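# Coordinates in review
If you want the building blocks of each chain, they are given just below.
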Amino acid sequence: MRNNIALVTGASSGMGKEFVREIAKKYKGLDEIWVVARRKDRLRELKKEIIGTRVRILPLDLMEEKSFERLKKALEKEQPDVRILVNASGYGISGSFEFGTQEDASGMVRLNCEALTRVTYLVLPYLRRGSFIYQIASSAGFAPQPGFAVYAATKAYVKSFSIALRQELAWREIKVIAVCPGPVKTEFFDRAYEQEEMKFYKRFVMANPKKVVRKAIRDARRNKAVSVYGVTMKITRMICKLLPGKWIAKIMDK
Ligand SMILES: NC(=O)c1ccc[n+]([C@@H]2O[C@H](COP(=O)([O-])OP(=O)(O)OC[C@H]3O[C@@H](n4cnc5c(N)ncnc54)[C@H](OP(=O)(O)O)[C@@H]3O)[C@@H](O)[C@H]2O)c1
């Protein structure tokens with residue numbers, strides 16, 4: 001008998017952790033939730049909290065090559081039926097591209113784009129009909145953002161990849177959703193604004209991670225391609241669709 005599982009990356013904090021909590025409550029019939037992140041202690045705490053569904057800890061650094069080999073082997077060994085994949089590992093560093101480090105710039109591309117793509121590729125053969133893929137993009141992916149240039153570009157990639165993949169996988173009835181929240185109150189901001197101060201307006205629209213995740217789950221069940229939490233971000237998305245990217249970039253730069 002194959003185990004029905006969910007696999008969540010970035011499960012040690014923020015939205016990934018909330019996804020694990022919500023999945024355990026809302027998706028019945030799962031045998032296991034596989035949780036991926038670097039901080040094993042955090043994953044152990046989460047495992048203790050989850051009642052009714054087994055949690056398997058995969059302490060992997062998705063910036064390291066050997067992690068993909070380990071994930072591939074675990075999947076080959078267990079041959080699970082993956083019902084839900086959540087790609088939530090990611091980070092952002094704000095500041096001008098010119099004065100940032102090369103390591104930060106390429107790290108965002110490697111984790112937010114490359115790792116997400118590779119995890120999706122490795123898991124895809126095990127996803128069964130009717131399953132879900134949640135790709136955590138961001139409203140930062142709606143338009144180019146001076147001061148957050150690489151991060152916004154990585155999230156535009158995730159959104160575009162997600163919508164195209166959704167179409168490709170429609171025949172397998174696999175639902176792919178790009179989750180595009182605005183600012184969400186998580187540890188993300190501890191790292192994102194180490195170099196410079198956060199723009200004041202972001203504090204006013206800061207969302208609760210649980211609410212963002214619940215909305216994403218509702219939207220996926222309604223077969224939406226993109227999940228956007230909150231009126232402000234919905235309006236932002238509409239404006240970004242209407243105006244040319246170079247105008248938005250100018251406005252954002254003010
Ligand atoms: N917070 C926001 O305002 C916001 C808005 C829109 C989109 N997002 C996106 O949402 C996703 C989740 O972020 P969050 O807000 O929940 O932030 P968070 O609390 O900082 O969570 C980030 C997660 O990524 C994991 N991670 C970081 N580096 C990793 C690595 N090398 N290998 C494996 N896992 C790694 C972290 O775990 P470890 O440190 O334990 O490895 C953590 O579990 C990210 O893709 C982020 O870009 C965030």
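Anyway, here's the lowdown on the structure attached to this text. All chains use their own residue numbering, which begins from 1 and follows the written sequence. It should be noted that, the model being predicted, local features are given only for residues of pLDDT at least 70 and side-chain atom pairs only at 80 or more, the latter also being counted only at that level, while totals for whole chains, interfaces and linings use all residues. As a rule here, side-chain values come from all non-hydrogen atoms in the structure, and water together with hydrogens is ignored.

## A closer look at the packing of aromatic side chains
Put simply, the test is: Only centres within 6.5 Å qualify two rings of Phe, Tyr or Trp (six-membered ring in Trp) as a pair; their planes then separate them into stacked at under 30 degrees, edge-to-face at over 60, and tilted for everything else. The way it works is that DSSP assigns letters per residue, a run of H or I at least four long becomes a helix, a run of E at least two long becomes a strand, and they are numbered from the N terminus. Buried means the residue's accessible area, taken with a 1.4 Å probe over protein chains only, is under 20% of the maximum for its type, while exposed means over 50%, and partly exposed covers the values in between. Consider the ring centre and the ring normal. A charge sits over the ring if Lys NZ or Arg CZ is within 6 Å of that centre and within 35 degrees of that normal.
In total, this model carries seven aromatic pairs according to the counting rule given. With 5.0 Å between their ring centres and 55° between their planes, Phe19 and Tyr134 make a pair best called tilted. Highlighted residues: Phe19 in helix α1 (residues 14-26) and Tyr134 in strand β5 (residues 127-136), separated in sequence by 115 residues. As far as burial versus exposure is concerned, Phe19 and Tyr134 are alike and both buried. Joined through ring pairs, the aromatic side chains of Phe19, Tyr27, Phe132 and Tyr134 make up one cluster. In this structure, Arg191 is placed above the aromatic ring of Tyr91, and the distance from its NZ or CZ to the ring centre is 3.7 Å. The ring of Tyr27 is capped by Arg221, whose NZ or CZ atom sits 4.8 Å from the centre of that ring.

## Section: the pattern of salt bridges
Charged atoms that come close allow side chains of opposite charge to pair. Worth spelling out the cut-off: Salt bridges are defined by distance alone: a side-chain nitrogen of Lys or Arg within 4 Å of a carboxyl oxygen of Asp or Glu.
Under the criterion given, the structure shown has 23 salt bridges. For Arg54, the salt bridge goes to Glu32, with nearest N and O atoms at 3.4 Å. Here the residue Arg54 occupies a position in strand β3 (residues 54-59), and Glu32 occupies one in strand β2 (residues 32-37), the gap between them amounting to 22 residues. A salt bridge links Glu78 to Lys77; the nearest nitrogen and oxygen atoms lie 3.8 Å apart.

## Considering the site of the ligand
Put simply, the rule is: If even one non-hydrogen atom of a residue comes within 4 Å of a molecule or strand, that residue is called near it.
In the region of the ligand, 30 residues are neighbours, and Ser13, Arg38, Tyr151, Val184 and Thr186 sit closest. Elements that contribute at least two residues to the shell around the ligand include exactly α1, α5 (149-168) and α6 (188-192).

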